[in-house]
Amino acid sequence: MIDLKEQFTNWLLKQNLSEKTKVGRKSTVFEYVRRINHLANNLYSLKNTSSNWDLLAKNIASVLASYYESNNKEYYLSRYNCERFIDHINNTANLCNSDAFPEIEIGIIINSEELSITKLKFNEITGYTQQLLSVLTNFADNEFHQIDTFIGCLRLYNLPLNIDIEKTEQIFNKSYNFGNTFIHIKYGQTNQKKDKVALEKFYDFLQNDNEAQVAALRGERDDKKILTCLKKIESAQEVIMKCKTIQPQTGRQALQIKSHFPNGKITILEACSILNIDYKTLKSLQRNNILIPTLPENMYDEQTINDYLKAHFHPALETYPHVDYGLKEQWSNRREAATILNCTERSVYNYTKRGLLTYTDYSPQAPRYYPPELRYLSSI
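Below: a short report on this structure.

Cut-off values and rules
- Position numbers for residues count from 1 along each chain, tracking the sequence in the order it is written.
- Reporting of local features is limited, given that this is a predicted model, to residues whose pLDDT is at least 70; pairs of side-chain atoms are given and counted only at 80 or more, and all residues count toward the totals for whole chains, interfaces and linings.
- Each side-chain value is worked out from all heavy atoms of the structure, with water and hydrogens disregarded.
- Note on geometry: axes are C-alpha line fits, over the in-contact stretch for helices, and angles between N-to-C directions span 0 to 180 degrees.
- Note on conventions: DSSP H or I runs of at least 4 residues are helices, E runs of at least 2 residues are strands, and numbering of each starts at the N terminus.
- Should an angle fall under 35 degrees it is called roughly parallel, over 145 degrees roughly antiparallel, and 65 to 115 degrees roughly perpendicular, with every other angle called oblique.
- By definition in these notes, contact holds between two residues if any of their heavy atoms fall within 4.5 Å.
- Under the grouping applied here, Gly and all other residues not named as nonpolar or charged are polar, the nonpolar ones being Ala, Val, Leu, Ile, Met, Phe, Trp, Tyr, Cys and Pro and the charged ones Asp, Glu, Lys and Arg.
- Two strands are said to pair when DSSP picks up at least two bridges between them.
- One side-chain nitrogen of Lys or Arg within 4 Å of one carboxyl oxygen of Asp or Glu is enough to make a salt bridge.
- Type-normalised accessible area, obtained with a 1.4 Å probe on protein chains alone, sets the label of each residue: buried when under 20%, exposed when over 50%, and partly exposed for intermediate values.

**Some remarks on the packing of helix H13 (residues 268–275) against helix H14 (residues 279–287)**
Helix packing geometry: the angle between the two helix axes and the distance between the axes.
Inference 1: Remark: H13 packs on H14, axes separated minimally by 9 Å, with the N-to-C direction vectors making an angle of 105°. Comparing their axes, H14 and H13 come out roughly perpendicular. Where H13 abuts H14, its residues Ile268, Leu269, Ala271, Cys272 and Leu275 lie against Tyr279, Leu282, Lys283 and Gln286.
Inference 2: Among the residues making up the contact of H13 with H14, the classes are represented as 7 nonpolar, 1 polar and 1 charged.

Next up, the structure:
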């Protein structure tokens, strides 16, 4: 009987995926198989490679969930959304093997300064976050406190600490108002996105291949439950961090949002989430006078954010036939767009200059492109 590795290879070939490039180099099929082989051997470490593949197939729900979650990359938490985050992590943990997660860094952001506190395993994150929130709540008054006083409180709670004093020395002699402090949760990333794509393809194989061994595994899984959980994990950041969406972004219209607060204020970290950029990028936009906070305490008003979303949404000058511009998909970066179009990144830039591509440029150096349009252009 052929093993799962060979069955997966044969199934990929049946999907008309290429085994080699035009010049004879190993291509898509090889890359998927190589990544799954590496993941299986790394997770289960048995001498028999086939047994590692079998274990990965049996535990696919747990491994996929961990990669979906760690692909969320980071969370910014306040006392208003911290419990939602903890509930989400607890629900994810019910499906996941925590050993499949990368290391997690936890810290705080206070008055635009970041203090990395320690690194944790996945199964430690909810307890640590709850205790850290308790400490921050005690400091959330109108008075100013020194960072070393805050660190002393963490030690009283017996929380593990791994603070790089040299990197954070400049903030230790300052006093801060902790009222608007955020907890920053960040997953370590090591090719997580490409591994996630390979795992999705492997799961597609497990759902659809008709070989007896694969079909038997389907009887041991609840694929409907798994897919529902994965969808919840994918939307977790939006549920936890983003404001209300009043107009979703499609290929023809810009995203528009509404604040949860009655006065329309948007925190700087909510702005990061809305624009799908990281904290450092937003701070860079501020320094360059591109997107300046309009309210006290380094906050934005919702109209400023909505105007920015409109101004940095660029539809193609003409619509293309057979492209559904109403789809809501994750948009592609320039490298991904170049891969879909089979051209250079410079060519993608030239397409946008000529008005041939729909794109956003919330961050000037990181435009995003509409995938259905890219797929259509690659087919003509």
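**A word on the sheet that holds strand S11 (residues 313–314)**
Inference 1: Strand order in the open sheet formed by 3 strands is S11-S12-S13, with antiparallel pairing between adjacent strands. Each edge of the open sheet carries a strand with a single partner, namely S11 and strand S13 (368–369).
Inference 2: As defined by bridge partners, S11 adjoins strand S12 (residues 359–360) across 2 bridges and the pair is classed as antiparallel. Counted as the bridge partner of His314 is Tyr359 from S12.

**Looking at the sheet that holds strand S2 (residues 104–110)**
Inference 1: The 4 strands lie next to each other as S1-S6-S2-S3, forming an open sheet whose pairing is antiparallel. Only two strands of the sheet have a single partner each, and these edge strands are strand S1 (74–77) and strand S3 (113–120). The average angle at which neighbouring strand axes cross in this sheet is 20°, direction not considered.
Inference 2: Taken together, the 6 bridges between S2 and strand S6 (residues 182–187) define a ladder with antiparallel strand orientation. Opposite Ile108, over in S6, you have Ile183 as the bridge partner.
Inference 3: Across the sheet, helix H5 (residues 82–93) lies against S1 and S6, angled at about 145° from S1, the strand it touches most.

**A word on the packing of helix H1 (residues 4–14) against helix H9 (residues 192–208)**
Inference 1: Following both chains from N to C, one finds H1 and H9 inclined at 95°, their axes separated by 10 Å at the closest point. The angle between H1 and H9 places the two elements in the roughly perpendicular class. In this structure, H1 uses Leu4, Gln7, Phe8, Trp11 and Leu12 to contact H9, whose residues at the interface are Lys201, Phe202, Asp204, Phe205 and Asn208.

**A few points about the pattern of salt bridges**
Two side chains bearing opposite charge may form a pair once their charged atoms approach each other closely.
Inference 1: Counted according to the given criterion, the structure contains 8 salt bridges.
Inference 2: A salt bridge links Arg221 to Asp223; the shortest N-O distance between them is 2.9 Å.
Inference 3: Since its relative accessible area comes to 14%, Arg221 is described here as buried.
Inference 4: A relative accessible area of 18% means that Asp223 is categorised as buried.
Inference 5: One salt-bridge network, held together by shared partners, links Glu31, Arg34, Arg35 and Asp195.

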